[in-house]
Each structure stands twice: as C-alpha cells, then as structure tokens.
Amino acid sequence: LKGEGRPLNTVEDRSRVLSGLECVDAVAVFEESTPIDVIRRLRPHLWVKGGDYTPASLPERATLHEWGGEALVLPYVQGHSTTALTRRAADAVHAAPPEG
C-alpha cells in the first residue's frame with residue numbers, strides 16, 4: 001500500500017522502532033489488504049493507524065467495535081513525512097557541489 005519505491009525502511013526496521021515505544025504492546029504485520037484477521041486474533045482495545053486515514057474510512061473499525069475496541073488515527077507532523085524527507089534528500093544531492 002506504500003507505493004512505488006516504498007517503504008524506504010524494511011518492515012523489520014519499522015516494526016522494531018514501533019516495538020521499542022513504551023506505549024506499544026504489539027506491532028502487527030500483515031500481508032492481506034485489511035488487518036481484520038489479525039485484529040480478530042489480537043482483540044486490541046486500541047488500534048492505531050497513520051494520518052493518511054480517517055477512523056470512519058478504516059474497514060477494520062466495525063471489527064474493533066465488536067468487543068469495544070477503538071481505532072485511533074495519529075495526525076501527520078508537518079514536514080516529517082517520508083515524501084518530504086526524500087524530497088529534502090534529493091534537493092541536497094542536487095545542490096551539493098560536484099566532488100573532485
């Protein structure tokens with residue numbers, strides 16, 4: 001779902017970073033188009049997604065509500081998206097004087 005050339009970091013690296021957060025109990029990696037099967041197995045009270053979603057647009061929302069779970073969408077932090085990061089990196093490479 002990330003698009004061409006994405007993600008920049010491996011799923012293992014991204015999972016490791018999230019797992020290291022004290023507030024995170026589990027990180028779910030799934031290959032299906034929706035995480036409904038893994039959600040049914042885990043039965044989380046809180047399911048967190050990135051800011052490119054809205055709670056109402058999540059297909060897993062109804063599943064979470066079966067046991068009183070909730071979907072939370074974290075907002076983007078302005079200027080800290082992967083797209084902005086790759087754009088700044090590309091701009092820096094093009095602005096750098098040639099070596100030699």
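Residues numbered from 1 in each chain as written. Predicted model: local features only at pLDDT ≥ 70, side-chain atom pairs only at ≥ 80, totals over all residues. Heavy atoms only, no water.

**Topic: the environment of valine 48**
Stage number 1. With respect to the secondary-structure elements, valine 48 resides in strand β1 (residues 46–49).
Stage number 2. Accessibility expressed as a relative area gives 41% for valine 48, which makes it partly exposed.
Stage number 3. Here the alpha-carbon distance between valine 48 and alanine 71, two residues 23 residues apart in the chain, equals 5.9 Å.
Stage number 4. Setting aside anything within four residues of it in sequence, one finds valine 48 in contact with Leu72 and Leu74. (Helix = DSSP H or I, 4+ residues; strand = E, 2+ residues; numbered from the N terminus. Buried < 20%, exposed > 50% of the residue type's maximum accessible area, 1.4 Å probe, protein only. Contact = heavy atoms within 4.5 Å.)

**Observations regarding the packing of aromatic side chains**
Stage number 1. Taken as a whole and judged by the stated rule, the model has zero aromatic pairs.
Stage number 2. Cation over ring: lysine 49 sits above tyrosine 53, and NZ or CZ is 4.6 Å from the ring centre. (Phe/Tyr/Trp six-rings, centres within 6.5 Å; stacked < 30°, edge-to-face > 60°. Lys NZ or Arg CZ within 6 Å of the ring centre and 35° of its normal.)

**Let's talk about the pattern of salt bridges**
Stage number 1. Tallied over the entire structure, the rule returns three salt bridges.
Stage number 2. Among the salt bridges present, the one from arginine 16 reaches aspartate 13, with a minimum N-O distance of 2.9 Å. Taken as a pair, arginine 16 and aspartate 13 lie in helix α1 (residues 11–19) at a separation of three residues, close to a single helical turn.
Stage number 3. Residue arginine 16 is classed as exposed on the basis of its relative accessible area, which comes to 56%.
Stage number 4. Relative accessible area serves as the criterion here: at 33%, aspartate 13 is assigned to the partly exposed category. (Salt bridge = Lys/Arg side-chain N within 4 Å of Asp/Glu carboxyl O.)

**Side note on the confidence of the model for the protein**
Predicted coordinates in regions of low pLDDT should not be interpreted in detail.
Stage number 1. With 97% of its residues at a pLDDT of 70 or more, the protein shows a mean pLDDT of 87.
Stage number 2. In the model of the protein, helix α4 (residues 82–95) stands out as the element of lowest mean pLDDT, 83, in contrast to helix α3 (residues 61–65), which has the highest, 95. (pLDDT = per-residue confidence, 0-100.)

**Observations concerning the pairing of β1**
Stage number 1. By the alternation rule, side chains of β1 split into Trp47 and Lys49, which are all buried, and Leu46 and Val48, of which none is buried.
Stage number 2. Bridge analysis of β1 against strand β2 (residues 70–73) gives four bridges, and the strand direction is parallel. Bridge pairing links tryptophan 47 to alanine 71 in β2. (Pairing = 2+ DSSP bridges.)

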